[in-house]
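# Architecture at a glance
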Amino acid sequence: MALRGRLRLAAVALALTALGGVALAAEPEKASTGKPQADEKPLGVVELFTSQGCSSCPPADEFFAELAGKGDVIALAYHVNYWDYLGWQDTLSTKENTERQYDYMRAFGSRSVYTPQAVINGRSHVNGASRKEVDGALARMDRTGEGMRVGIKVSRTSDRVMIDAGDAGNGPSDAHVVIVYFDPPQMVQIGQGENSGRSLTYWNAVSDIQTAGMWHGKAQRYELPMTEIAKKGGCAVLLQSVGKDGMPGPILGAAFIRKPDRL
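In this report, we go over the structure that sits alongside the text.

## A closer look at empty space enclosed by the protein
Taken as a whole, the largest cavity spans an internal volume of roughly 30 Å³. If you go around the largest cavity, the residues you meet are Leu 48, Thr 50, Asp 61, Phe 64, Ala 77, His 79, Tyr 202 and Trp 203. Partitioning the lining of the largest cavity into residue classes produces five nonpolar, two polar and one charged.

Structure (structure tokens):
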């Protein structure tokens, strides 16, 4: 669902600053607590930009649920708000999610945004509904050294979470440590708009994004309070390079941050 034909109609709604699986019932916890383990490198990171108001998005959301359920990919869904004018306000969208997609648009040198868009490892984007394109991009980047190059290990004590980012060796030397919070799987009944009457289950819908620190190419530890992690539905850490213009760049490492069963 491209914006080119509708962008003018949604000019007010799009006023942004220049800143920048199938087995859902059988395995409900794998989206946030399945593989990869804390000391393993995932195959890659898939960031899906989607909307409840986009008629092209349900196939992408269903495929994304499979990715999240498998657990060998850090799968994060960013619900955007620029299709709200079509008659349904996305219940999971945030302004920050939309801004992140616009930042990627500028980083890629694109002229517009669209849904469903899947950004792979922060390096390129493909149609989020295309299993072939998403799987192909993940496999190609893993094969060519554009996958997860830096290991991230997550451990915890009773009151804190420790994130240990590895050494890059002769690789990249600077990145942001980005903490991405997401909701547990939830079903939404859509009452209006292009998907009116449908009940859809959404996985790993991003609710907040925070930068926890800087990484400079050498092994380093970062700490977060356990109480903050425990309040969220799920959490992931991304080691993401950032361009001189502040736009997001390649993701070098990633891991899920597991919640304790109880505090």
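Structure's up, so let's keep going.
## Structural notes on the sheet that holds strand β6 (residues 160–165)
Strand pairing in a sheet is mediated by backbone hydrogen bonds. Such pairs are either parallel or antiparallel. If you walk across this open sheet you meet the three strands as β5-β6-β11, and the pairing is antiparallel. Each edge of the open sheet is held by one strand with a lone partner, namely β5 (152–156) and β11 (220–225). The sheet shows a mean angle of 20° between the axes of neighbouring strands, taken without regard to direction. Note: β6 against β11, six bridges, orientation antiparallel.

## Quick look at the sheet that holds strand β13 (residues 248–256)
Spatially, four strands are ordered β10-β7-β12-β13 in an open sheet, and the strand pairing comes out antiparallel. Each edge of the open sheet is held by one strand with a lone partner, namely β10 (206–215) and β13. Adjacent strand axes in the sheet meet at a mean angle of 25° when their direction is disregarded. As paired strands, strand β12 (residues 234–242) and β13 are joined by six bridges and run antiparallel to one another. Within β13, the position partnered with Leu 239 by the bridge is Gly 253. Relative to the sheet, helix α3 (residues 95–108) contacts β10, β12 and β13, its axis offset from that of β13 by approximately 130°.

## A closer look at the packing of aromatic side chains
In this description, a pair of aromatic rings is defined by centroid distance and the angle of the planes. All chains considered together, the criterion is met by seven aromatic pairs. Between Tyr 82 and Trp 83 the ring centres are 5.3 Å apart and the planes differ by 70°, which places this aromatic pair in the edge-to-face class. With respect to burial, Tyr 82 and Trp 83 carry one shared label: buried. Here the aromatic cluster, defined as three or more aromatic residues joined through ring pairs, consists of Phe 49, Tyr 78, Tyr 104 and Phe 108.

## Some words on the pattern of salt bridges
By the definition in use, this model includes ten salt bridges. A salt bridge links Arg 100 to Glu 47, with the shortest nitrogen-to-oxygen separation between them at 2.9 Å. Here Glu 47 lies in strand β1 (residues 44–50) and Arg 100 lies in helix α3, a separation of 53 residues in the sequence. When its relative accessible area of 10% is taken as the criterion, Arg 100 is described as buried. For Glu 47, a relative accessible area of 0% gives the class buried. Notably, a salt bridge pairs Asp 164 with Arg 221, separated by 3.0 Å at the nearest N-O pair. One end of the pair, Asp 164, is in strand β6; the other, Arg 221, is in strand β11, and 57 residues separate them in sequence. Residue Arg 221 is classed as partly exposed on the basis of its relative accessible area of 48%. One network of salt bridges, in which partners are shared, links Lys 95, Glu 96 and Glu 99.

## Some thoughts on the nonpolar core
General note: in soluble globular proteins, nonpolar side chains tend to be found buried as a group. Of all hydrophobic cores here, the largest spans 25 residues; its most connected members are Val 45, Ile 74, Leu 76, Val 180 and Leu 238. At the level of secondary structure, the elements contributing two or more residues to this core comprise β1, β2 (73–79), α3, β7 (175–182), β12 and β13. For Leu 238, the contacting residues outside a window of four places in its chain are Val 45, Glu 47, Ile 74, Leu 76, Arg 100, His 176, Val 177, Val 178, Val 180, Ile 251, Gly 253 and Ala 254.

## A closer look at α3
Compared with the 20 Å implied by 1.5 Å per residue over 14 residues, the 20 Å span of α3 between its first and last C-alpha is a close match. Looking only at α3, the buried set comprises Asn 97, Thr 98, Glu 99, Arg 100, Gln 101, Tyr 102, Asp 103, Tyr 104 and Met 105. Taken together, the buried residues of α3 touch β1, β2, β3 (117–120), β10, β12 and β13. Immediately beyond the C-terminal end of α3, within one or two residues, lies Gly 109, with a positive phi of roughly 70°.

What counts, and where the lines are drawn
- Residues numbered from 1 in each chain as written.
- Predicted model: local features only at pLDDT ≥ 70, side-chain atom pairs only at ≥ 80, totals over all residues.
- Heavy atoms only, no water.
- 1 Å grid on protein atoms, 1.4 Å probe; cavity = no way out; pocket = protein on both sides within 12 Å on 5 of 7 lines; lining within 4 Å.
- Points joined across faces, edges and corners; volume = space filled by probe spheres on them.
- Nonpolar A, V, L, I, M, F, W, Y, C, P; charged D, E, K, R; others polar.
- Pairing = 2+ DSSP bridges.
- Helix = DSSP H or I, 4+ residues; strand = E, 2+ residues; numbered from the N terminus.
- Axes fitted to C-alpha atoms, helices over the stretch in contact; angles between N-to-C directions.
- Contact = heavy atoms within 4.5 Å.
- Phe/Tyr/Trp six-rings, centres within 6.5 Å; stacked < 30°, edge-to-face > 60°.
- Buried < 20%, exposed > 50% of the residue type's maximum accessible area, 1.4 Å probe, protein only.
- Salt bridge = Lys/Arg side-chain N within 4 Å of Asp/Glu carboxyl O.
- Core = buried A, V, L, I, M, F, W, Y, C linked by side-chain atoms within 4.5 Å.
- Expected span 1.5 Å × (residues − 1).

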